[in-house]
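Descriptive structure summary
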Amino acid sequence: MKSRIAELRKAGRITQEELADAVGVTRQTIISLENGRYNASLLLAHKLARYFGMCIEDIFLFDEEDAL
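Predicted model only: the values in this text are computed from it and were never measured.

1. Details of the overall build of the protein chain
Within the protein chain one finds 6 helices and 2 strands. Reading the protein chain from its N terminus to its C terminus gives the helix and strand order β-α-α-α-α-α-β-α. Its C-alpha radius of gyration of 11 Å places the protein chain within 12% of the 11 Å reference for a compact globule of 68 residues. Based on the C-alpha atoms only, the size of the protein chain along its principal axes is roughly 35 × 25 × 20 Å.

Written out as structure tokens, the structure is:
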């Protein structure tokens, strides 16, 4: 699953560490999300969406082919 986390974070001039602290995860988790190596849990996706003031669907780009 692709995400817009890096794009949104950079636009807001937020460091990976600041974002990680704000949503209660490690910087490594943010790095993994940005690189597509990790899919966020629903709880984490919700926290990220609230942090950015967006819907989950606006941050995480779901491709049905990826789910097969």
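2. Considering helix 3 (residues 27-34)
Owing to its 3.6 residues per turn, the α-helix aligns residues three or four sequence positions apart on the same side. Burial analysis of helix 3 places 6 of its 8 residues in the buried class, which makes it a mostly covered element. Here helix 3 has its buried residues at Thr29, Ile30, Ile31, Ser32, Leu33 and Glu34. The secondary structure elements touched by the buried residues of helix 3 are strand 1 (2-3), helix 1 (5-11), helix 2 (16-23) and helix 4 (42-52). Gly36 sits one or two positions beyond helix 3 and adopts a positive phi of about 75°.

3. Describing helix 2
Inspection of helix 2 places Gln16, Leu19, Ala20 and Val23 among the buried residues, and these make up the whole buried set. End-on view of helix 2: buried residues confined to an arc of 100°, all on one side of the axis. Tucked into the core, helix 2 has its buried residues touching helix 1, helix 3 and helix 4. Positive phi appears at Gly24, one or two residues downstream of helix 2, with a value of about 80°.

4. Thoughts on the environment of Lys2
Along the chain, Lys2 turns up in strand 1. Other than its neighbours up to four places away in sequence, Lys2 contacts Ile59, Phe60 and Leu61.

5. Here's the deal with unusual backbone geometry
The phi torsion at Arg13 lies on the positive side, around 50°, for a residue other than glycine. The residue Arg13 is located in the loop between helix 1 and helix 2 in this model.

Scoring rules and cut-offs
- Residues numbered from 1 in each chain as written.
- Predicted model: local features only at pLDDT ≥ 70, side-chain atom pairs only at ≥ 80, totals over all residues.
- Heavy atoms only, no water.
- Helix = DSSP H or I, 4+ residues; strand = E, 2+ residues; numbered from the N terminus.
- Rg over C-alpha atoms; globule rule 2.2 N^0.38 Å.
- Buried < 20%, exposed > 50% of the residue type's maximum accessible area, 1.4 Å probe, protein only.
- Contact = heavy atoms within 4.5 Å.
- Arc of directions from axis to C-beta.

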